[in-house]
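As a plain string of letters, each chain reads:
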Amino acid sequence: MNRIIRLNNVECRDCYKCIRNCPVKAIRYSDGRAEIIDSECILCGECVVTCPQRGDFLESQVDAIRRMIERGRRLVASVAPSFISDIPVGSMEGMRETLRLLGFADAGETALGGEIVSREYERIMRENEKDLLISSCCTSVVMLIQRYYPDVLPYLAPVKSPMQIHCAMLKQQYPDALTVFIGPCYAKKGEAELSEDVDYAITFYELREWMRSAGVQPVFIESAPGDRKRARRYPRQDGLVKSMTPIEGWNRVAIDGVNDCIAALSEIRHGGVQKTFLEMTACEGSCVNGPAIRKNRYENRIRGTVAVNEYSGNDDFGVTTDLPIRMYHNPEPVQRSRPTEEEIQAVLKKLGKDTRKTALNCGCCGYASCRKMAIAICRDMAQMDMCLPYLREKAESHSHEIIDSTLEAADQLIDKQMRVVQNIASILGETTAETKVILTKLKEAVQSDD
């Protein structure tokens with residue numbers, strides 16, 4: 001998978017917010033700058049949202065899409081249901097007309113693929129194919145399991161995401177068309193690179209910028225009163241659970257936010273969780289709070305959820321497909337070097353954090369504990385100067401050295417002046433001949449001091 005997210009290397013300097021907020025610590029810090037480690041990243045986008053200098057994509061596909069339109073290629077869009085929380089179009093009909101102004105031939109709701117996914121999840125539970133089932137809709141969650149919890153993979157639903165299923169349906173409907181997924185997250189860009197059914201993927205943020213540059217205003221078309229589908233609940237917290245029919249004997253639990261997902265996966269790893277369907281989404285508040293919608297952690301959760309609630313309902317689209325919808329996810333375990341205990345203790349000693357009293361675990365460096373930072377230093381992921389208490393103690397020590405050096409020089413100067421004064425004082429009571437001898441000695445004494 002190619003790089004999807006990059007940090008602003010020009011402006012990045014001595015700030016650890018991205019490390020502090022990265023749930024899997026997939027960021028290397030060196031020479032005062034942070035760098036994402038692609039093989040360890042799960043594309044959750046937290047670094048972008050929390051970066052004071054605003055991280056960015058490595059390359060947007062908007063220009064490539066526009067070139068395809070200019071060449072006369074037919075493009076159709078699969079629009080994630082969270083559009084209703086971010087683009088003021090009122091309905092899918094409004095979104096379709098807006099995209100046509102940009103040159104798209106047609107557009108449909110990714111929620112259609114979501115409905116097929118929900119029915120497949122129900123079937124897996126109903127037939128007891130697994131005794132524990134984790135949703136496979138969120139790409140970042142899938143990557144989290146593949147890379148950090150590969151032993152939990154047997155519980156991950158072997159089902160394609162709504163994006164892949166819907167884009168395959170669009171290709172079936174328009175065989176000569178290119179498909180473009182438009183959604184709220186960066187992770188779908190990575191998933192699209194691996195899918196033969198998704199040709200391009202852009203975010204709502206990119207779409208808004210495209211509309212602005214093209215002078216296209218959103219076309220608002222109010223949704224029909226009876227047009228309320230439950231698959232449109234997907235973008236909200238517990239939306240997937242709410243789009244499904246309860247299966248007897250099965251519990252349903254919704255978990256949002258990577259850190260809570262990590263806690264749940266750790267619990268699963270230790271056993272004891274059975275007959276439970278787990279809806280897992282990487283973003284707190286789910287897709288309405290995706291990183292390509294919000295500019296900060298708490299920007300769109302309430303308004304976005306309300307918009308989804310008002311646009312969704314209890315009916316089904318009634319869509320079916322004969323296309324393959326199964327997909328088995330392979331493990332991609334992260335390979336991290338493991339420093340020895342001696343190496344860790346040596347770093348802690350250099351940091352002055354080798355005792356319970358001195359190991360403050362303040363988190364200023366971005367790591368949860370001094371030990372975890374020491375491990376990162378051993379792996380060349382972090383630097384000692386990232387530790388604020390260490391840096392302060394180092395500065396104080398340097399200041400003391402300067403003061404001590406200054407005091408020593410002052411003492412030497414005072415001693416020299418005192419000797420001169422003493423010699424002058426002794427002259428005052430002597431004879432002329434004796435004074436001449438004493439002055440000569442005084443001159444020699446000053447010269448020797450110089």
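Just above sits the structure.
Parameters and conventions
- Residues numbered from 1 in each chain as written.
- Predicted model: local features only at pLDDT ≥ 70, side-chain atom pairs only at ≥ 80, totals over all residues.
- Heavy atoms only, no water.
- Helix = DSSP H or I, 4+ residues; strand = E, 2+ residues; numbered from the N terminus.
- Buried < 20%, exposed > 50% of the residue type's maximum accessible area, 1.4 Å probe, protein only.
- Contact = heavy atoms within 4.5 Å.
- Areas by Shrake-Rupley, 256 points an atom, 1.4 Å probe, with all protein chains shown as cover.
- 1 Å grid on protein atoms, 1.4 Å probe; cavity = no way out; pocket = protein on both sides within 12 Å on 5 of 7 lines; lining within 4 Å.
- Points joined across faces, edges and corners; volume = space filled by probe spheres on them.
- Arc of directions from axis to C-beta.
- Axes fitted to C-alpha atoms, helices over the stretch in contact; angles between N-to-C directions.
- Parallel < 35°, antiparallel > 145°, perpendicular 65-115°, else oblique.
- Left-handed = near helix turned anticlockwise from the far one by under 90°.
- Nonpolar A, V, L, I, M, F, W, Y, C, P; charged D, E, K, R; others polar.
- Pairing = 2+ DSSP bridges.
- Salt bridge = Lys/Arg side-chain N within 4 Å of Asp/Glu carboxyl O.
- Core = buried A, V, L, I, M, F, W, Y, C linked by side-chain atoms within 4.5 Å.

A.B. asks: Could you give me a rundown of the overall build of the chain, with the residues and numbers involved?
C.D. replies: Assigned secondary structure in the chain consists of 16 helices and 11 strands. For the chain, the proportion of its 450 residues judged to be buried stands at 50%. Across the chain, the fraction of contacts at a sequence separation of at least 24, relative to all contacts at a separation of at least 6, is 73%. Accessible area for the chain stands at about 22,500 Å²; split by element, carbon and sulfur atoms hold 50% of it.

A.B. asks: Any chance you could break down the layout of surface pockets for me, citing the residues and the numbers?
C.D. replies: The calculated volume of the largest pocket comes to roughly 790 Å³. What lines the largest pocket is a set of 26 residues, among which Val24, Lys25, Tyr148, Arg336 and Arg379 lie closest to the centre. Among the secondary structure elements, those contributing two or more residues to the lining of the largest pocket are helix H6 (139-148), helix H11 (258-269) and helix H14 (370-378). Within this model, the second largest pocket holds a volume of roughly 370 Å³.

A.B. asks: So what about H14? Which residues, and what values?
C.D. replies: Inspection of H14 places Cys370, Met373, Ala374, Ala376 and Ile377 among the buried residues, and these make up the whole buried set. Take H14 and look down its axis: the buried residues cluster within an arc of 160 degrees, on one side only. The inward-facing, buried residues of H14 abut helix H13 (341-351). Directly beyond the C-terminal end of H14, a positive phi value near 60 degrees is found at Asp380.

A.B. asks: Explain the packing of H6 against H11 to me, using residue names and the numbers behind them.
C.D. replies: It is the contact of H6 with H11, at a shortest axis distance of 11 Å, that shows an interaxial angle of 45 degrees. For the element pair H6 / H11, the angle class is oblique. Here H6 runs over H11; the crossing is right-handed. Along its contact with H6, which presents Val141, Leu144, Ile145 and Tyr148, the element H11 presents Val258, Cys261, Ile262, Leu265 and Arg269. Residue composition of the contact of H6 with H11, by class: eight nonpolar, no polar and one charged.

A.B. asks: Tell me what's going on with the sheet that holds strand E8 (residues 178-183), and back it up with residues and numbers.
C.D. replies: Spatially, four strands are ordered E6-E5-E8-E9 in an open sheet, and the strand pairing comes out parallel. Across the chains shown, the open sheet's two edge strands, defined by having one partner strand only, are strand E6 (106-109) and strand E9 (200-203). Taken pair by pair, the neighbouring strands of this sheet meet at an average axis angle of 25 degrees, ignoring direction. Pairing of E8 with E9 involves four bridges; the strand directions are parallel. Paired with Val180 across the bridge in E9 is Tyr200. Lying on the sheet, helix H9 (residues 204-214) is in contact with strand E5 (75-79), E8 and E9; it crosses E9 at an angle near 80 degrees.

A.B. asks: With reference to specific residues and values, describe the pattern of salt bridges.
C.D. replies: Tallied over the entire structure, the rule returns 27 salt bridges. In this structure, Arg74 and Asp176 form a salt bridge, with 3.8 Å as the shortest nitrogen-oxygen distance. Separated by 102 residues along the polypeptide, Arg74 in the loop between helix H3 (62-70) and E5 and Asp176 in the loop between helix H7 (162-173) and E8 bring together distant segments of the chain. Salt-bridge contacts for Asp256 lead to Arg301; the nearest nitrogen and oxygen are separated by 3.8 Å.

A.B. asks: Kindly report on the nonpolar core, identifying the contributing residues and their values.
C.D. replies: Of all hydrophobic cores here, the largest spans 67 residues; its most connected members are Ile134, Leu144, Leu265, Met280, Tyr367 and Met386. Dropping the residues within four chain positions of it, Met386 is found in contact with Tyr16, Ile19, Tyr29, Cys365, Tyr367 and Met373. By size, the runner-up hydrophobic cluster in this structure holds 39 residues, among which are Ile84, Phe104, Leu178 and Ala192.

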